[in-house]
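Inside the fold
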Amino acid sequence: MRFLLVEDEAFNIMVLEEMIKILRPDAKVTIANNGQEAYEILKNDFFNLILSDINMPVMDGYELIKKIREELKMQTPVIAVTAFAVQGDREKILMAGFSRYISKPIDMTELEKVLATSL
Ligand SMILES: [Mg+2]
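Next up on the list: the pairing of strand β4 (residues 78–82). Counting buried residues along β4, five of its five residues qualify, which places the element largely inside the surrounding structure. Of the two faces of β4, the one holding V78, A80 and T82 and the one holding I79 and V81 are both buried throughout. Strand direction decides the pairing type here: strand β3 (residues 49–53) and β4, joined by four bridges, are parallel. Note that in β4 the partner of L51 across the bridge is I79. The β-α-β motif built from β3, the intervening helix α3 (residues 61–71) and the parallel element β4 has right-handed crossover chirality. Note that β4 and strand β5 (residues 100–103) share four bridges and pair parallel. Looking at the pairing, A80 lines up with Y101 of β5.

With an omega dihedral of -5°, the bond running from K104 to P105 counts as a cis peptide bond. Phi is positive for V58, close to 70°, though the residue is something other than glycine. Within the secondary structure, V58 sits in the loop between β3 and α3. Not every positive phi belongs to a glycine, and K73 is a case in point at roughly 50°.

Moving on, we get to α3. Turning to α3, its buried residues are G61, Y62, L64, I65, I68 and R69. Mapping the buried residues of α3 onto a view down its axis gives an arc of 160°, with all of them on the same face. Buried residues along α3 sit in contact with β1 (2–6), α2 (35–42), β3, β4 and α4 (87–96). With a side-chain oxygen lying 3.2 Å from the backbone nitrogen of Y62, the N-terminal cap of α3 falls on D60. In the stretch just after α3, K73 is the one whose phi turns positive, near 50°.

Okay, the sheet that holds β5 next. One key point about sheets: their strands pair by backbone hydrogen bonds, in either a parallel or an antiparallel sense. Spatially, five strands are ordered β2-β1-β3-β4-β5 in an open sheet, and the strand pairing comes out parallel. The sheet is open, and its two borders are formed by β2 (28–32) and β5, each paired with just one other strand. The sheet shows a mean angle of 20° between the axes of neighbouring strands, taken without regard to direction. Against the sheet, α4 engages β4 and β5, with an angle of about 140° to β5. Against the sheet, helix α5 (residues 108–118) touches β1, β3, β4 and β5, its axis set at about 165° to β5.

Reading the values: the criteria
- Residues numbered from 1 in each chain as written.
- Predicted model: local features only at pLDDT ≥ 70, side-chain atom pairs only at ≥ 80, totals over all residues.
- Heavy atoms only, no water.
- Buried < 20%, exposed > 50% of the residue type's maximum accessible area, 1.4 Å probe, protein only.
- Helix = DSSP H or I, 4+ residues; strand = E, 2+ residues; numbered from the N terminus.
- Pairing = 2+ DSSP bridges.
- Right-handed = clockwise from strand over helix to strand, strands pointing away.
- Arc of directions from axis to C-beta.
- Contact = heavy atoms within 4.5 Å.
- Polar contact = N/O pair within 3.5 Å; in protein donor to acceptor, adjacent residues only side chain to side chain.
- Axes fitted to C-alpha atoms, helices over the stretch in contact; angles between N-to-C directions.

So far we have only geometry, and geometry alone does not tell us how the molecule works.
This is how it looks when you write it as structure tokens:
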């Protein structure tokens, strides 16, 4: 099971990676620090699941999901991980092509639910 984690803040990477390792001990986690890095990795690699932040420098989550769906034509589940919580943002995220949405700070039970239904 291979996961791509796209996030610009070191602390969030650490927390999410730890949670993933607890919930899916066999998972291999690859880190990208922004959308551009993720895009470069995805051109040549396959992942079972992508977890992506929205607010990132260089290339944000919206631009990344557009490239994943329209350019790379990948159907991989992509979970948006973001602090945005208002209804309008949630709709915007799903309309953009993300499979699901999970809010920060990450709740492990919620993450488990999302993983269970996305893989
Ligand atoms: Mg960020």
